[in-house]
Amino acid sequence: MTKNSLFSAYKLGALDLSHRVVHAPMTRLRSDADDSPSAMMVEYYRQRASEGGLIITESVHPSFDSRGYLGAPGIYTDKHVEAWKPVVDAVHQKGGRIIMQIAHDGRQSHVDLSNGKAPIAPSVVPFDTVVFTQDGWVPVSPHRALDADEIPGLIESFRLAAKRAHDAGFDGVELHSANGYLVDTFLQDGTNKRSDGYGGSVEKRARFPLELTEAFISVFGAGRVGVRISPSGKWGSISDSDPESTFAYFAQRLNEYGLAYLHVIEPRVMGTETLEEGKAPVASAFLRRHFQGPIIAAGGFDRYDAEQILQRGDADLVAFGRWFSSNPDLPERLRRNLPLTPYVRDAFWGGDERNYIDFPSYQNELVE
C-alpha cells in the first residue's frame, strides 16, 4: 500500500481517518413530514459507516423556507436536533465520522415549500429547472433579490444550524457553496448582478460565502469545517464569466482559515449525470495550485481514477455518491476489488426502503 492510497490513513483537519473513501452528500428525500431524519435514514447511514471512514450527509436545511425539495431534512428546530442524534450515534458506533452538509437552495425552490414566499437569490436572473413538491416535480417559482439588510439574518440562520449540528453530536459541518444553490449564486457573476457590498467584484461576491464560513468556524473551529464548490458546474443554470479567476480567488481566501478541507465537484458530472464519459478530472488539479489544505475530489470516480488522482497529488481523499447508494460496504469492496452492485436511478430522488436500505453487503450477497 502506497502512502497516498485510498486505504492509507489521513488526518483531515481535526478528524483522524483510516481510509480516504468518503461518502458524498446525496439528496435522497426520505425525511419525515416535519423534515426530521426518518428511521430508514438512520439505517441508511448506519449501513454505510465504516471504521475511520468519513460520511458527509445529504443537504440539510437551516430554515423552513430554505428547502428546494420536499423530503429533504432540516436542522432548524430542537426536534431536528434530537432526530439527528440517532444518525450520529449509528455512525459513531461503527467507528465512523460524520459531517453535516448545510445548504440553502435559494432560487431552486417553490412557493409551496416556503409558505407562499418567493424563493431568494442575490439577483433576479430567470432560469428553468424543476423542484420536488407535494405535486411532484414542478417548475421553480419566480425568485426575488435579497435586500442587503436581510443578509445578516441569513448568516445567523446558518450559524444556528451549525450550533444545532454541534448539539446533535456531528463531527463537523460543510458549507454547500456549489450546484447553483444560494451560496453559489452569490459567488458567481452569472447569477450575482448586485452593485452593493455583496456583488460586483469577485472580492464582494465572495463576501457572503466567506461570512458563512466564519459563522461555521465560530461554532466548530476551523479544523471541523469544510466548503464544497463546483467550478464550471452547470447544475442550477449557474455560470461565471471567468471561473478560473473566481474560484482561484475564493480558494486563496479560504486558505486564511485553516479549514479541514475543500470539497471539489468535477465538471464532468451534473448532479447524478455524467456529462462526458472518460473525461479526466480537472478542477481538483487546478485548485491544488491555489488551496493549501486538504482537497476532497468528487464526481464520477471509480476505483482506478480515484487511486490515480491521489497518486498525482491533486486530491487527498475521494468522495463517491452513486456507487455508495447501492454498495453500503463500498470501502471494503474497493479495498478488495470486489464487484459493485449497480445503482438504481429511479430510487435516487425519494421513495421508500426499496433500493435504499435493502442493498446487501458483499458477504450477504454471497449468502443469498
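The structure presented is a predicted model; accordingly, all values stated were derived computationally and were not measured.

Student: So what about helix α2 (residues 78-93)? Which residues, and what values?
Tutor: With 16 residues, α2 extends 23 Å from end C-alpha to end C-alpha; this agrees with the ideal 22 Å at 1.5 Å per step. For α2, every residue scored as buried is listed here: His80, Val81, Ala83, Trp84, Val87, Val88, Ala90 and Val91. On its buried face, α2 sits against α1 (39-48), β4 (54-60), β5 (97-102) and α3 (151-167). The first or second residue beyond α2 is Gly95, which carries a positive phi of 85°.

Student: Can you break down the sheet that holds strand β12 (residues 261-265) residue by residue, with the values?
Tutor: Read once around its circumference, the closed barrel built from eight strands follows the order β3-β4-β5-β10-β11-β12-β15-β16, with strand pairing classed as parallel. The mean angle between the axes of side-by-side strands here comes to 25°, regardless of whether they run parallel or antiparallel. Bridging between strand β3 (residues 21-23) and strand β16 (residues 317-320) involves three bridges; their strand directions are parallel. For Val22, the partnering residue across the bridge sits in β16 and is Ala319. Docked against the sheet, α2 engages β4 and β5, running at close to 145° with respect to β5. Docked against the sheet, helix α9 (residues 303-312) engages β15 (295-298) and β16, running at close to 155° with respect to β16.

Student: Describe the environment of Phe247, listing the residues and the values that go with them.
Tutor: For Phe247, the position within the fold is in helix α7 (residues 243-254). Between the alpha carbons of Phe247 and Ala283 there is a distance of 9.7 Å; along the sequence they are 36 residues apart. Residues contacting Phe247, with those up to four places away along its chain left out, are Asp184, Leu187, Gln188, Ile229, Ser230, Pro231, Ser232 and Leu287.

Student: An account of the pattern of salt bridges is requested, with residue identities and associated values reported.
Tutor: Counted under the stated rule, the structure contains 20 salt bridges. Where Glu150 meets Arg144, a salt bridge forms, and the shortest distance between an N and an O atom there is 2.7 Å. Using a relative accessible area of 25% as the deciding quantity, one classes Glu150 as partly exposed. Given a relative accessible area of 33%, Arg144 falls into the partly exposed group. Between Asp316 and Arg288 there is a salt bridge, and its shortest N-O distance comes to 2.9 Å.

Definitions and limits used
Residues numbered from 1 in each chain as written. Predicted model: local features only at pLDDT ≥ 70, side-chain atom pairs only at ≥ 80, totals over all residues. Heavy atoms only, no water. Helix = DSSP H or I, 4+ residues; strand = E, 2+ residues; numbered from the N terminus. Expected span 1.5 Å × (residues − 1). Buried < 20%, exposed > 50% of the residue type's maximum accessible area, 1.4 Å probe, protein only. Contact = heavy atoms within 4.5 Å. Pairing = 2+ DSSP bridges. Axes fitted to C-alpha atoms, helices over the stretch in contact; angles between N-to-C directions. Salt bridge = Lys/Arg side-chain N within 4 Å of Asp/Glu carboxyl O.

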